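# Coordinate analysis (summary)
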Amino acid sequence: MPTTKRKVQKSMGDKVFDICNMIFWIIFLIIIIYPLWLIIIASVSDPDAVIAGEVLLWPKDFSMMGYEAVFEHQELLRSYLNSIFYTLAGTALSVVVTLMAAYSLTRKFSGKAFVNMYFVFTMFFTGGLIPQFLMNRSLGLYDTVLLMIIINCVSVWNLMVARTYISTNIPDDLYEAAMIDGADHITYFVKVVLPLSGMIVAVLCVYYGVSRWNDYFTALVYIRDRAKLPLQTVLREILATLTTSTSSDSFFSAYADNIQGMTEAIRKAEVAKYCCIVVSTGPAVLLYVFMQKYFVKGVMIGSLKG
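Quick look at the structure, then. (Residues numbered from 1 in each chain as written. Predicted model: local features only at pLDDT ≥ 70, side-chain atom pairs only at ≥ 80, totals over all residues. Heavy atoms only, no water.)

## Some details on the overall build of the protein chain
Operational definition: In this text, helices come from DSSP runs of H or I with a minimum length of four residues, and strands from runs of E with a minimum of two, each type numbered from the N-terminal end. Per-residue accessibility, obtained with a 1.4 Å probe over protein chains only, is compared with the maximum for each type, and a residue is labelled buried under 20%, exposed over 50%, and partly exposed between these values. Pairs of residues are marked as contacts when any of their non-hydrogen atoms sit within 4.5 Å.
In terms of helices and strands, the protein chain carries 15 helices and 0 strands. For the protein chain, the residues scored as buried account for 36% of the 306 residues in total. For the protein chain, contacts bridging at least 24 residues in sequence account for 70% of all contacts bridging at least 6.

What follows is the structure in structure tokens.
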């Protein structure tokens, strides 16, 4: 006879709790989403409406003035391409190095405990910015594209996540079978570990990709050639120069020759700052949306004991 599922009767207290819990999380969700929505609608609204505080739920007097002002900046497109290159190249390098180090830490070798402690130690203590700057400059990496790719190559947290994944999802029996067939560590890593590590590769790509895309501080410290600047650093400068100053390097200096021009500069600056936020965070937000399951799985992988 087919079994029937009994419907669990909830008490009045359980129903009240469920309702209150749902109301709480709806309010919490609105608190998180509304600032993001406000930035989007403000970026496509009339500057006067934004300044007057009339933009609350929907765009008012649709206008692309802010985006036009931002994309008039000559360095923006070049910096966008730079950021794409730094992100793709840096992420690829970081994923490869992290997986190789993670695989090494899953093998048995003399001094493994010391090596693990050496990696973990760097999570809590660093030499600081000045020693790092002096070292990179002495290596000839100052103001080079190579530095933007190799700096911060490995995150120890991501390394531990990858190590945990490999040690818990790839059985040692495969390693023993590969060794019997004459495979060395490189062959085993390339032909066995990598094909079975698609999930952790996706997790690392998302983590490193977002971190690389949002990095503006590295270029601020190490890059002096403006042709090598990434998008985030240029947008930071745009936000800093969205003023009515009459200096020659001001973003809106062309409008600051008279009172009317200064007023126009203020109007454009008000919406352009929202446009800068949308332009810079758009790719990262889309990556979060489409790769959300990998973030969740990445957290779960890192929570396992390795």
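## Some thoughts on the side chain of threonine 91
Structurally, the position occupied by threonine 91 is in helix H4 (residues 76-106). For threonine 91, a relative accessible area of 8% gives the class buried. In this structure, threonine 91 is in contact with Tyr86, Cys205, Tyr208, Gly209 and Arg212, ignoring residues within four places of it in sequence.

## Here's the deal with the pattern of salt bridges
To keep it simple, the criterion reads: Basic side-chain nitrogens of Lys or Arg form a salt bridge, by our definition, when they fall within 4 Å of a carboxyl oxygen of Asp or Glu.
Considering all chains together, one arrives at 2 salt bridges under this definition. Across the pair glutamate 54 and lysine 60 runs a salt bridge whose closest N-O atoms are separated by 2.6 Å. Residue classification places glutamate 54 among the partly exposed positions, given a relative accessible area of 43%. For arginine 107, the salt bridge identified is with aspartate 172, shortest N-O distance 3.8 Å. Linking arginine 107 in the loop between H4 and helix H5 (112-124) with aspartate 172 in helix H9 (residues 172-180), this pair joins segments that are 65 residues apart in sequence.

## Looking at the packing of aromatic side chains
Condition: A pair of Phe, Tyr and Trp rings is counted when the ring centres sit within 6.5 Å of each other, with Trp represented by its six-membered ring. The angle between the planes then sorts it: under 30 degrees is stacked, over 60 is edge-to-face, the rest tilted. A ring has a charge above it when a Lys NZ or an Arg CZ is no more than 6 Å from the ring centre and no more than 35 degrees off the ring normal.
Scanning the model with the defined rule gives 14 aromatic pairs in all. Ring geometry for tryptophan 37 versus tryptophan 58: centroids 5.9 Å apart, planes at 85 degrees, classification edge-to-face. Separated by 21 residues along the polypeptide, tryptophan 37 in helix H1 (residues 12-43) and tryptophan 58 in the loop between helix H2 (47-51) and helix H3 (65-71) bring together distant segments of the chain. Its relative accessible area of 33% is what places tryptophan 37 among the partly exposed residues. Of the residues examined, tryptophan 58 reaches a relative accessible area of 61% and is grouped as exposed. Each ring, one from phenylalanine 85 and one from tyrosine 86, has its centre 6.1 Å from the other, and the planes form 55 degrees; the classification is tilted. On the basis of relative accessibility, which here comes to 44%, the residue phenylalanine 85 falls in the partly exposed class. Joined through ring pairs, the aromatic side chains of Tyr103, Tyr175, Tyr188 and Phe189 make up one cluster. In this arrangement the basic side chain of arginine 107 is found over the ring face of tyrosine 175, its NZ or CZ atom lying 4.6 Å from the centre.

## Description of the environment of aspartate 225
Mapped onto the fold, aspartate 225 is located in the loop between helix H12 (217-222) and helix H13 (231-240). For aspartate 225, a relative accessible area of 31% corresponds to the partly exposed category. C-alpha of aspartate 225 to C-alpha of aspartate 143: the two residues are 82 residues apart in sequence and 6.7 Å apart in space.

## Details of helix H10 (residues 185-193)
The condition that has to hold: As used here, the arc is the angular range of directions from the helix axis to the C-beta atoms.
Listed in full, the buried residues belonging to H10 are Tyr188, Phe189 and Val193. Taken around the axis of H10, the buried residues stretch over an arc of 100 degrees, which confines them to a single face. For H10, the exposed residues lying more than 90 degrees away from the buried face are Ile186 and Lys191. In the core, the buried residues of H10 are packed alongside H4, helix H8 (156-169) and H9.

## Notes on the nonpolar core
Note that soluble globular proteins tend to have their nonpolar side chains buried in a common cluster. We apply this condition: Among buried residues, the Ala, Val, Leu, Ile, Met, Phe, Trp, Tyr and Cys ones that are joined through side-chain atoms within 4.5 Å form a nonpolar core.
One finds Leu99, Tyr103, Ile166, Tyr188, Val193, Ile200 and Leu204 to be the most contacted residues of the largest nonpolar core, which totals 23 residues. Among the elements of the structure, H4, H8, H9, H10 and helix H11 (198-214) are those that each provide at least two residues to this core. Take this core: its biggest share by element is 6 residues, from H4. If we ignore the near neighbours within four places in the chain, the residues touching leucine 99 are Ala162, Ile166, Phe189, Leu194, Ile200, Val201 and Leu204.

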